[in-house]
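Single-letter residue listing:
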Amino acid sequence: GLGETWVSVGIVLTGLSGGSQELTISLLDADGAPLATTTEYVGSDRDGGEVLVAASFTDDTPTVDSVRVDITDASMIFDGESFQVDVGSQQFDGNFWNVKGTATNDGSENIELGGITCVAFQAGKPVAGMQTFADTIVPGAQVAWEATATYDPKAEEVRCQGEG
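The sections below set out a description of the structure shown in this document. (Residues numbered from 1 in each chain as written. Predicted model: local features only at pLDDT ≥ 70, side-chain atom pairs only at ≥ 80, totals over all residues. Heavy atoms only, no water.)

Helix and strand counts for the chain come out as zero helices and eleven strands. For the chain, the α and β elements follow one another from N to C terminus as β-β-β-β-β-β-β-β-β-β-β. A compact globule built from 164 residues would reach a C-alpha radius of gyration of about 15 Å, and the chain, at 16 Å, matches this within 12%. Taking the principal axes of the C-alpha coordinates as reference, the chain spans close to 50 × 40 × 30 Å. Across the 164 residues of the chain, 39% fall into the buried class. A separation of at least 24 residues holds for 71% of the contacts in the chain among residues at least 6 apart in sequence. For the chain, the accessible surface area stands at approximately 8,800 Å², while carbon and sulfur atoms represent 46% of it. Averaging the locations of the 6 positively and 26 negatively charged side chains of the chain gives two centres separated by 9 Å. (Helix = DSSP H or I, 4+ residues; strand = E, 2+ residues; numbered from the N terminus. Rg over C-alpha atoms; globule rule 2.2 N^0.38 Å. Buried < 20%, exposed > 50% of the residue type's maximum accessible area, 1.4 Å probe, protein only. Contact = heavy atoms within 4.5 Å. Areas by Shrake-Rupley, 256 points an atom, 1.4 Å probe, with all protein chains shown as cover. Lys, Arg positive; Asp, Glu negative; His and termini not counted. Charge placed at Lys NZ, Arg CZ, Asp CG, Glu CD.)

Rendered as structure tokens:
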């Protein structure tokens, strides 16, 4: 609502194994006490490579000092296949942060409601994130996608990943 502070978090994880993971993401105050918590799921460990995560908090949390991520194995429940995502452009137009790109299905089955996660970076550090979904992508096809948020992350770089 008006006058409230909402928080967007962009997270980069590496070294994951064992397939899908449940992430408990907590906003902490200066004493390390949780102010707000949410849960996100990662469907692929990307063979220990970079995994992007975006989380949004709509609680009024103006005094966040740090973020904690607790990881629990969620395999057998949420395993997902990654798909190719390319960022074409990103900009803040004064009202909205827009990221546009393409998603490609290199697999042999349809990707239904493929999730796309984007993380904004400033000086190489993740500062914000958002998620969107691609339309159905048939094998061998490429589709355009767009993600929009109502804040300016002042991003110098945006990286996105797809998972379906």
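Continuing now.
A few words on the layout of surface pockets. Estimates place the volume of the largest pocket at around 470 Å³. If you trace the largest pocket, you find 25 residues lining it, with W6, V7, S8, V9 and Y151 closest to the centre. Of all the secondary-structure elements, those providing two or more residues to the lining of the largest pocket are β1 (7–13), β4 (51–57), β9 (125–133) and β10 (142–149). In the lining of the largest pocket, the residues fall into 14 nonpolar, nine polar and two charged. Reported here for the second largest pocket is a volume of approximately 340 Å³. What lines the second largest pocket is a set of 22 residues, and nearest its centre among them are Y41, G115, T117, Q131 and E163. (1 Å grid on protein atoms, 1.4 Å probe; cavity = no way out; pocket = protein on both sides within 12 Å on 5 of 7 lines; lining within 4 Å. Points joined across faces, edges and corners; volume = space filled by probe spheres on them. Nonpolar A, V, L, I, M, F, W, Y, C, P; charged D, E, K, R; others polar.)

Let us look at the side chain of T117. Relative to the helices and strands, T117 resides in strand β8 (residues 115–122). Owing to a relative accessible area of 13%, T117 belongs among the buried residues under this scheme. Excluding anything up to four places from it in sequence, T117 contacts L52, V53, A54, M130, Q131, R159, C160 and Q161.

With that out of the way, let us pick up the sheet that holds strand β11 (residues 157–163). Read across the open sheet, the six strands follow the order β9-β8-β11-β6-β7-β10; overall the sheet is antiparallel. Each having just a single partner strand, β9 and β10 make up the two edges of the open sheet. Strand-to-strand twist across the sheet, computed as the mean angle between neighbouring axes with direction ignored, equals 25°. Judged from the two bridges that link them, strand β6 (residues 82–92) and β11 form a sheet pairing that is antiparallel. Directly across from F83, in β11, lies its bridge partner G162. (Pairing = 2+ DSSP bridges. Axes fitted to C-alpha atoms, helices over the stretch in contact; angles between N-to-C directions.)

This model, assessed by the stated rule, comprises one aromatic pair. Between the aromatic rings of W97 and Y151, the centroid separation amounts to 5.8 Å while the plane-to-plane angle is 45°, which identifies the pairing as tilted. With a gap of 54 residues between them, W97 in strand β7 (residues 97–104) and Y151 in the loop between β10 and β11 connect regions that are remote in the sequence. On the basis of relative accessibility, which here comes to 26%, the residue Y151 falls in the partly exposed class. Sitting over the face of the ring of F121, R159 holds its NZ or CZ atom 4.0 Å from the ring centroid. (Phe/Tyr/Trp six-rings, centres within 6.5 Å; stacked < 30°, edge-to-face > 60°. Lys NZ or Arg CZ within 6 Å of the ring centre and 35° of its normal.)

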